[in-house]
Structures are given as structure tokens and as C-alpha cells.
Amino acid sequence: MTYNLKTKCYKIKCCLILAIFIVSACRTTNQYIHISSIPKLKEYNVVAYVAGWSSMPISKMPVEKLTHINYAFADLDETGRVYFANWNDKFKIDTLHQLKKKNPALKLIVSVGGWSWSKHFSDIAADPNLRNQCARNIAEFVKQYKLDGIDIDWEYPCMKGAGNSFRSEDKENFTHLLGSIRRSLNALEVSQKREESYILSIAVATSANYLKSIEPLKVLDYIDFMHIMSYDYRSGDNWETGHHSNLWTSLSDWNNGNCIDKTIVRYLNAGIPAEKIIMGVPFYGRKWEGVERKNNGLYQVAGTGGMPISYRNIRKQC
């Protein structure tokens, strides 16, 4: 038996995605968060990560429903150089620029790093000369591709991620790196006489250990918002079926207490303002094979880890 966990969000309109966060925050029973303390935002950022490796036709994206596009990913080498590793990335950036004709207010950002390309962050951030050079390179990259900003997706400070180098000093060095990048972007604004500030955002993990690995309140001085990767609560390492981006925790889920609600509250309790938080919503699912039919296959031991299944294939199999 194959058990597909199909996300319920594939038909939800973009304008509702961030509204989920407000519901999540308000329903929490955490004693440190009160509904009255959560600001009622008049405007929401609706950010789409566009995968450079995807075959999805970019020109057909409903950009009128978006405020920002983060194109993923640019690579970072050991010298702090930021560059596109794939031959067609530049072409896709040009295509995204053309979409601004449909939505002139759309912000185009490139995300640097990710799971596969974060191996040099720790070494660069640890060296003042390298991190300043990296910051200048990022500003030049933004200028070259006429971007509205940059997104840093270091996976992860103080943790190895995909076998990457890391050190305990990453916690403070991440703050220093972001400060260097912000100063370089500010200098670029001045040189261009740009009226609008360049955007600097970061992608952040959901765990309490991650929050202990950064300086959340200090980085707020430099960034515009955080993209919380509130998905893959179950992934390829998990051989028990379950939801990988659940809003709340099921009482039946005895082996995994993670959920979006707990993650958002964790960041709010750490002092991150709600207006700085972007809640991640995956447009893919996870599937397991070799699953018993008990409980319709939910929360059962499987013969495989949770393998990704694309939005396109979910639609085909529905």
C-alpha cells in the first residue's frame, strides 16, 4: 500500500495563506501569548519561492496575487562570491522581471544557499574580511540582476545541515554577516540614489535548537522579515507516516508533537514581531510505501521514509 499525505492547501488562494498564521497564533493555549498582543496587520506579504530547477512555466505564474518572489537558489563559493550555478538561471530571472509588467509592485529577490549550497557560510561568517567581501559581492549581485533584495538561507548556523562545516561561533557570526550585508545594501542604495530600501530576509528553521543557534533579537536590526520553513515536520528520515506541515498537533500523533502553531508561538515568544514573520506553506506532499491499513495508514510504521511528491503529481493522483 502506498500512503500519500496530500496537502489541503493546493486550491487555497494565496491571500489566505498568511491568514492561517493569524488563526494559528490566536488559538494557542500558550500562556505567554495573548490575542490582544498580536497586531492586526493591514497588509500581508505573500511570498512565493520559485525553484530554479523546476520545469513549471514561470510566465504563467499568477503574480498579481503575490507581493514578493524569492528565486532559489544562488550558490556561494569559499571566497564569498555569489553566482548562479545553472545555465538557465539568468534566463529565468529575465522572465521574472517581465512579470513585473503584470504586477509593477512585485519584488524580485534571490535566495542564497539552501540545503545544498550552505557549506561555505560558516567559514565566511567567521572571517571578518571574507564576510565583508561576501557582503560587497551580494550588493554587486543585486545590482547586476536588478533585484529588490536578497534572501539568506543558511542551513544551518551551529548545525551541520547537509554535512556542512559549522562552529559554535556561528551564532554571533551570523549576526555579523547580516550586519555586513545590510551595510553593503545601504551603500548601494545611496550610490544609486534609490528611494526604496533593499530587502534583506532570512529563511529560518522551526526547532527550538535553531532559535538557540542564532541571535533572534539582534538580527532584527538588519532584516526585513523571516521565512519560517514550517514544513517537513516529517521527511525522508521519518519512517512513520504523518503530516509534514500540520497546523496543529493531532491527539493521535504520539510520536511527533511538532506543528505550525507551536513553531509560530515559539518565534513570537522569542520576541519576533508578527509583522516580521512569513509562515511557510508547502505546495508538495510526502508519501510512504509499505504501510499497514490500520487507521487508514496514518501514524503507522512504513517501509520507506517520507518521500516528496510534487504538487503536479498530487493533482494527477487526486
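Cut-off values and rules
- Residues numbered from 1 in each chain as written.
- Predicted model: local features only at pLDDT ≥ 70, side-chain atom pairs only at ≥ 80, totals over all residues.
- Heavy atoms only, no water.
- Axes fitted to C-alpha atoms, helices over the stretch in contact; angles between N-to-C directions.
- Helix = DSSP H or I, 4+ residues; strand = E, 2+ residues; numbered from the N terminus.
- Parallel < 35°, antiparallel > 145°, perpendicular 65-115°, else oblique.
- Left-handed = near helix turned anticlockwise from the far one by under 90°.
- Contact = heavy atoms within 4.5 Å.
- Nonpolar A, V, L, I, M, F, W, Y, C, P; charged D, E, K, R; others polar.
- Buried < 20%, exposed > 50% of the residue type's maximum accessible area, 1.4 Å probe, protein only.
- Pairing = 2+ DSSP bridges.
- Right-handed = clockwise from strand over helix to strand, strands pointing away.
- Core = buried A, V, L, I, M, F, W, Y, C linked by side-chain atoms within 4.5 Å.
- Salt bridge = Lys/Arg side-chain N within 4 Å of Asp/Glu carboxyl O.

**Student:** Outline the packing of helix H5 (residues 128-144) against helix H6 (residues 170-192), supporting the account with residue identities and numerical values.
**Tutor:** Where H5 meets H6, the closest approach of the two axes is 8 Å, and the angle between their N-to-C directions is 40 degrees. Judged by the angle between their axes, H5 and H6 are oblique. Relative to H6, the crossing made by H5 is right-handed. Here Arg131, Asn132, Ala135, Arg136, Ile138, Ala139, Val142 and Lys143 of H5 lie close against H6, whose contacting residues are Asn173, His176, Leu177, Ser180, Ile181, Ser184, Leu185, Leu188 and Gln192. Taken together, the residues of the contact of H5 with H6 break down into 8 nonpolar, 6 polar and 3 charged.

**Student:** Go over the pairing of strand S6 (residues 149-153), please, and point to the residues and values.
**Tutor:** Most of S6 is tucked away: 5 of the 5 residues are buried. Here 5 bridges tie strand S5 (residues 107-113) to S6, and the two strands are oriented parallel to one another. Note on S6: the bridge partner recorded for Ile109 is Gly149. Pairing between S6 and strand S7 (residues 199-204): 4 bridges, direction parallel. Among the inter-strand pairings, Ile152 is bridged to a residue of S7, identified as Ile202. Note on the crossover from S6 through H6 to S7: the handedness is right-handed.

**Student:** So what's going on with the pairing of strand S3 (residues 68-76)? Which residues, and what values?
**Tutor:** The element S3 is largely enclosed, with a buried count of 9 among its 9 residues. The pairing of strand S2 (residues 47-51) with S3 spans 5 bridges and is classified as parallel. From the neighbouring strand, Val50 faces S3, where its bridge partner is Tyr71. Here S3 runs beside S5; their pairing, made up of 6 bridges, is parallel. Bridge pairing links Ala72 to Ser111 in S5. Both S3 and strand S4 (residues 82-83) contribute to a ladder of 2 bridges, which runs antiparallel. Paired with Asp75 across the two strands is Tyr83, which belongs to S4.

**Student:** Lay out the nonpolar core in plain terms, naming residues and giving numbers.
**Tutor:** Judged by nonpolar contacts, the single largest core of 65 residues is most densely connected at Ile150 and Ile152. Among all residues touching Ile152, those that are not within four sequence positions of it are Val112, Phe121, Ile138, Phe174, Leu178, Ile181, Leu200, Ser201, Ile202 and Ala203. The next biggest cluster of nonpolar side chains, apart from the first, holds 5 residues, and it includes Val47, Ile109, Ile199 and Phe225.

**Student:** How would you summarise the pattern of salt bridges if you had to cite specific residues and measurements?
**Tutor:** Side-chain pairs of opposite charge can arise whenever the charged atoms involved come near each other. One pass over the full model with this rule turns up 10 salt bridges. In this structure, the salt-bridge partner of Glu215 is Lys218, at a minimum N-O distance of 3.4 Å. Among the residues examined, Glu215 registers a relative accessible area of 13% and is labelled buried. Taking relative accessible area as the criterion, Lys218 reaches 47% and is therefore assigned partly exposed.

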